[in-house]
Amino acid sequence: MPLEVSLKPSTSPIFSLQNNPPMIPSTFMALPSSSYSHTLLFSNFLKPNTLTSRKSYASSLNINRDRYPISVVRNSASVSGEPSTSTISDVFGGKKELAGIHSLVDSMSPPVRFASSIIVVAAAISSGYGLGLRFGRTRNAALAGAAAFGLAGGAAAYALNSCVPEVAATNLHNYLAGCDDPKAVKKEDIEGIAKKFGVSKQDQAFNAELCDLYCRFVSSVIPPGSEDLKGNEVETIIEFKRVLGIDDPDAASMHMEIGRRIFRQRLETGDRDADIEQRRAFQKLIYVSTLVFGEASTFLLPWKRVFKVTDAQVEVAIRDNAQRLYAFRLKQVGREVNSEQLMSLRGAQLLYRLSDELAEDMFKEHTRKLIEENISTAVNILKSRTRTSGPIQVVEELDKILAFNHLLISLSNHPESRHFARGVGPVLLLGGEYDGDRKIDDLKLLYRAYVTDSLSTGRMEETKLAALNQLRNIFGLGKREAERIMLDVASKVYRKRLAQAFSGGELEAADSKAAFLQNLCDELHFDPERASQIHEEIYRQKLQQSVADGELTEDDVAALLRLRVMLCIPQQTVEAAHSDICGTLFEKAVNGAIAAGVDGYDADVKASVRKAAHGLRLTRESAMSIASKAVRRMFMNYIKRARGAGRTESAKELKKMIAFNTLVVTPLVADIKGEPSDPATPEEPIKEESKNQFEQDEEEEEWESLQTLKKTRPDKELAAKLGKPGQTEITLKDDLPERDRKDLYKTYLLFCITGEVTNIPFGAQITTKKDNTEYLLLNQLGEILGLTRKETVDVHRGLAEQAFRQQAEVILADGQLTKARIEQLNEVQKQVGLPQEYAQKVIKNITTTKMAAAIETAVSQGRLSIKQIRELKEAGVNLDSMVSESLRENIFKKTVDEIFSSGTGEFDEVEVYEKITVDLNINADKAKGVVCELARTRLSNSLIQAVALLRQRNRLGVVSSLNDMLACDKAVPSEPLSWEVPEELADLYAIYLKSEAAPEKQSRLQYLLGISDSTAVALREMGDRVLPVGSEEENFVF
């Protein structure tokens, strides 16, 4: 349907765009409404109000006066919404027909047209002049006729020349419409058409046709629907624009008009899917337009102002389309990439205006996908059940990956690498299909397959080792994971090579077994420590087979020795293996003997223990260590039951443990050592033991008074009755802390002292005393618990001291120690068997505690003077621990206060600052501070007290107060004192003169009272006249 553009004159360059067809400002083909699929760009794509106040197309072409009917071809597909079927030959539409004057003008050249115009005008003037002269018969009429006819001829000539641009535009249109390939249009042909008709771009009609043709071409070049850009659109458009010779502002107006068409198509369809398609179409338009105009696009293409598009959205459109184009170029890059391809990619990246970061990520993603294809193929082959040459194909695929990775690394180190595409370097699987925990197992299987192939020849080549490191980096395996896989595969190969060398005699024939084994490790790049572990495993396996019947024969020992020498196994490893394997069998025998119990340790059990101990070739230390663990476990069971029971039941459990040690553990130890278990032992050990026991007795003579400890030492008759003592090698010294062991020993000691208590009906109890054999069991309990002689003595002494303290506190309740009480305490000491030294410490502690309470009470009540404190110190009483420092400071303060109120007028600094502080053990500096404070306070108070006594006519009190004031001044020298009534100060001085005080005291008092020398002399001369003798109280005058 043809449309018409109305271009009316206006004073404003801004035209309002109307929706009715006659007012649509367009001279272009309607874009086909075929699909454009993409989900990007704008949330509020385009709004109708964005087109208001838009500079019209006519304004951009400076058409302000005339109206040009322009035919617009609209494809029917744009209405129906079906894809367009137009080909490249239909881009510019069909040819236009020329009729009337247009065909005449088309057949005339510019000179002919110019001459014809002149002839027509001249002929018209001549005809008008002739007709005017003929009919008017005057010269004026002739001139008027010439003017009229000349005007008509000029109009005809003007009409002829004015349609030239339209004819030129029509010829230009027909020329392009007749071209099979618009890309083959030449600039010379376009310029020839313009030259033929003598037109230029300044002619509105001709320029409008150029813009219309450019718009049609751009619309045809940008792929419709969901098609992506091919990459040559920008170059094609730029070339066509150059051929047409259209200016950038006019071309940019066409790009903006295409954007308006896309918006109108969105309004026409109103479909959600179509809306998404239009968004993508608009993105492609923005991207192509930006590349066509380059830096000038920022001001030639006002997307933001016209369509309310932000700069960020424009950047998104450019980025996404650039990525699609670059991805299309990347598809051409395979595993045989070379430097030319990489340079071409770099040029395409710059042309597409793709950032280096995105280009790098896309290149890495592309290379990752290439190796992921090889990995997927290798995994499928590896997991295939019907595989014949699977491992070979897997290795081939992995070799392709390594070759591709090596190629990329070499290209990244190329001298011209700065001109290559970004992202060239080692390939990584990070961020791809195999970057996750689910696929890591498949990568490990592939890595294991390659390691297995690398070691298939029995040695590891350096090239294979480097390839494995690259493969580990590509797969993203951790160093420990890769080492674990390599170690596992290499271990199997090492075992195989070792078995071949052992069976073939190569290892035995080698001069140095260690050198042979080290060379084998070097060939496989195998860790020697792991090789040593394999040697140990082989030795353990052989040992396990040898002891299957419960003992090692001489042949077994020789075979094990040969294997040890061949594999260079250290002695410590051999001993550990024997201790572990043979020790397990021996432990079973020991556990069986222990489980037999006190009554079940018979000759068969003894034989089995001896066979296991000596037939398994265990060292005595290893055998004893194994037996010790089992026995101590049994001991701990008795201890747990003893802890959870009462005193009597606990003692019974401990007694059972002692019996178990004597009847089971002792013969068990003897059987392990190979000693005879007959009680009739040789004389020498007994003598030696008796000698050691005698030496201990000599060292502990001071503890002879401890009756309970003395009873633990059996006499000869009782020792012969009990037989051989229990073993002492297996103890609980390291299983229980010292405190717990002492508590258990103390529990049984109390049982030995108090006897067994039996409860009978009606709440009564019967105590059964035990004989001294219980103390001998107590001695064995101490040995089982691992108590030293000193620790045992501490328990006995502590118990005796506790009993003595309880009775001594009752006797010394008031803290007084008399002769009768001393005799009573001595009797108690003998009963409990506590040594004299510790008994005296207990007594002293009790009396000291009682005395400390009494002293503290006396100090707090103020009944303790410095004299008494010195007497207590002379008596050896430690006052520092009995009296707190604050109380001692109070005593010092009270003593100083007494000195300042004694009335003597003396202050001895040595006594106060040195002797008293030492006696009270207080800080000397702090003591001086106390003296200064008291002296200043007491000095003024003494003056006030002296005046008060003066007014009371108490002469002796006045003298005493003045002496106190002098004592304070002696401690802290003072300035002269002031008083409101100076006469009273004179009276005080006069009275003091009669006290027969020392002259220096009188002089110091005169200074303190502020009495001048003349007044002092006058007071001395007055003598007794001041206060007559015998009547001083009655005649005392103020």
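Because the structure is a prediction, the values reported are computed rather than measured.

A.B. asks: Just checking my understanding: could you explain the environment of M1022 for this structure?
C.D. replies: Looking at the element boundaries, M1022 is found in helix α46 (residues 1013–1022). Note: C-alpha distance between M1022 and A990 (32 residues apart in sequence) is 9.1 Å.

A.B. asks: What's the story with helix α23 (residues 528–546) in this structure? I'm lost.
C.D. replies: Working note: α-helix, 3.6 residues per turn, so residues spaced by three or four point in the same direction. Look at α23: 27 Å from first C-alpha to last across 19 residues, which is about the 27 Å you get at 1.5 Å a residue. For α23, the full list of buried residues reads A531, I534, H535, Y539, L543 and S546. Structurally, α23 contributes buried residues whose contacts are with α20 (479–504), α22 (513–524), α24 (554–567) and α25 (571–595).

A.B. asks: What exactly am I supposed to notice about the pattern of salt bridges here?
C.D. replies: Oppositely charged side chains can form a pair if their charged atoms are brought close together. Following the criterion strictly, the structure yields 42 salt bridges and no others. A salt bridge links K400 to E397, with the nearest nitrogen and oxygen atoms 3.6 Å apart. With K400 and E397 both in helix α17 (residues 390–412) and three residues apart, this pair spans about one turn of that helix. In this structure, the salt-bridge partner of E653 is K656, at a minimum N-O distance of 3.7 Å. Residue E653 and its partner K656 are located together in helix α29 (residues 647–673), separated by three residues, close to a single helical turn. Classification of E653 by relative accessible area gives buried; the value is 14%. Using a relative accessible area of 47% as the deciding quantity, one classes K656 as partly exposed. Where salt bridges share partners, they join E257, R260 and R261 into one cluster.

A.B. asks: When you look at the nonpolar core in this model, what are you seeing that I'm missing?
C.D. replies: A general feature of soluble globular proteins is that nonpolar side chains tend to end up buried together. Counting 189 residues, the largest nonpolar core has Y214, W303, Y447, F475, Y494 and F586 as the members making the most contacts within it. Counting residues per element, this core draws most heavily on helix α28 (residues 620–643), which supplies eleven residues. Beyond its immediate stretch of four places on either side in the chain, W303 contacts H255, M256, F282, L285, I286, S289, K308, V309 and V314. Counting 46 residues, the second-largest nonpolar core is a separate cluster that includes I869, V912, Y913 and L950.

A.B. asks: What should I look at first to understand unusual backbone geometry in this one?
C.D. replies: The phi angle of most residues is negative, glycine excepted, and most peptide bonds adopt the trans form. Positive phi values are uncommon outside glycine, yet K308 reaches one of about 55 degrees. Relative to the helices and strands, K308 resides in the loop between α13 (303–307) and α14 (311–330). We note that R353 has phi near 60 degrees; this positive angle belongs to a residue other than glycine. The residue R353 is located in the loop between α15 (339–352) and α16 (356–383) in this model. Since its relative accessible area comes to 40%, R353 is described here as partly exposed.

A.B. asks: Could you clarify how one ought to interpret the packing of helix α6 (residues 164–177) against helix α8 (residues 204–221) in this entry?
C.D. replies: The description of two packed helices rests on the angle between their axes and on the distance between the axes. With their axes 8 Å apart at the nearest point, α6 and α8 run at an angle of 20 degrees to one another. Judged by the inter-axis angle, α6 sits roughly parallel to α8. Like other packed secondary-structure pairs, α6 and α8 cross with a definite hand, here right-handed. Residue-level inspection shows P165, E166, A168, A169, L172, H173 and L176 of α6 in contact with α8, the latter providing A205, F206, E209, L210 and L213.

A.B. asks: For this particular structure, what's the right way to read the side chain of N207?
C.D. replies: Along the chain, N207 falls in helix α8. Of note is the side chain of N207, whose polar atom sits 3.3 Å from the side chain of D250.

A.B. asks: Where do I start with the state of the cysteines in this structure?
C.D. replies: Chemically, a disulfide is nothing more than a covalent bond linking the sulfur atoms of two cysteines. In this structure the tally under the stated criterion is zero disulfides. C215 supplies the cysteine sulfur nearest to C211, a cysteine that is in no disulfide, at a spacing of 9.0 Å. The exposure class of C211 is buried, given its relative accessible area of 0%.

A.B. asks: What is the right way to look at the packing of aromatic side chains in this model?
C.D. replies: For any pair of aromatic rings, the description rests on two quantities: the centre-to-centre distance and the angle between the ring planes. Tallied over the full model, the rule gives ten aromatic pairs. Between F282 and W303, the aromatic rings sit 5.6 Å apart at their centres with planes inclined by 80 degrees, giving edge-to-face as the arrangement. On the criterion of sequence distance, the pair formed by F282 in helix α11 (residues 272–293) and W303 in helix α13 is long-range, its members being 21 residues apart. Judged on exposure class, the residue F282 and its partner W303 are both buried. Members of the aromatic cluster, each reached through a chain of ring pairs, are F282, W303 and F307.

A.B. asks: Sorry if this is basic, but what is going on with the confidence of the model for the protein here?
C.D. replies: Do not read the predicted coordinates in detail wherever pLDDT is low. On average, residues of the protein carry a pLDDT of 75, and 75% of them reach 70 or more. Long-range and interchain partners of residues 679–695, a stretch whose pLDDT sits below 50, account for five contacts in this model, where long-range means more than four residues apart. Here residues 1024–1038 scores under 50 on pLDDT; set against residues more than four positions off or in separate chains, the count is 18 contacts.

Reading guide: rules and limits
Residues numbered from 1 in each chain as written. Predicted model: local features only at pLDDT ≥ 70, side-chain atom pairs only at ≥ 80, totals over all residues. Heavy atoms only, no water. Helix = DSSP H or I, 4+ residues; strand = E, 2+ residues; numbered from the N terminus. Expected span 1.5 Å × (residues − 1). Buried < 20%, exposed > 50% of the residue type's maximum accessible area, 1.4 Å probe, protein only. Contact = heavy atoms within 4.5 Å. Salt bridge = Lys/Arg side-chain N within 4 Å of Asp/Glu carboxyl O. Core = buried A, V, L, I, M, F, W, Y, C linked by side-chain atoms within 4.5 Å. Axes fitted to C-alpha atoms, helices over the stretch in contact; angles between N-to-C directions. Parallel < 35°, antiparallel > 145°, perpendicular 65-115°, else oblique. Left-handed = near helix turned anticlockwise from the far one by under 90°. Polar contact = N/O pair within 3.5 Å; in protein donor to acceptor, adjacent residues only side chain to side chain. Disulfide = S-S within 2.5 Å. Phe/Tyr/Trp six-rings, centres within 6.5 Å; stacked < 30°, edge-to-face > 60°. pLDDT = per-residue confidence, 0-100.

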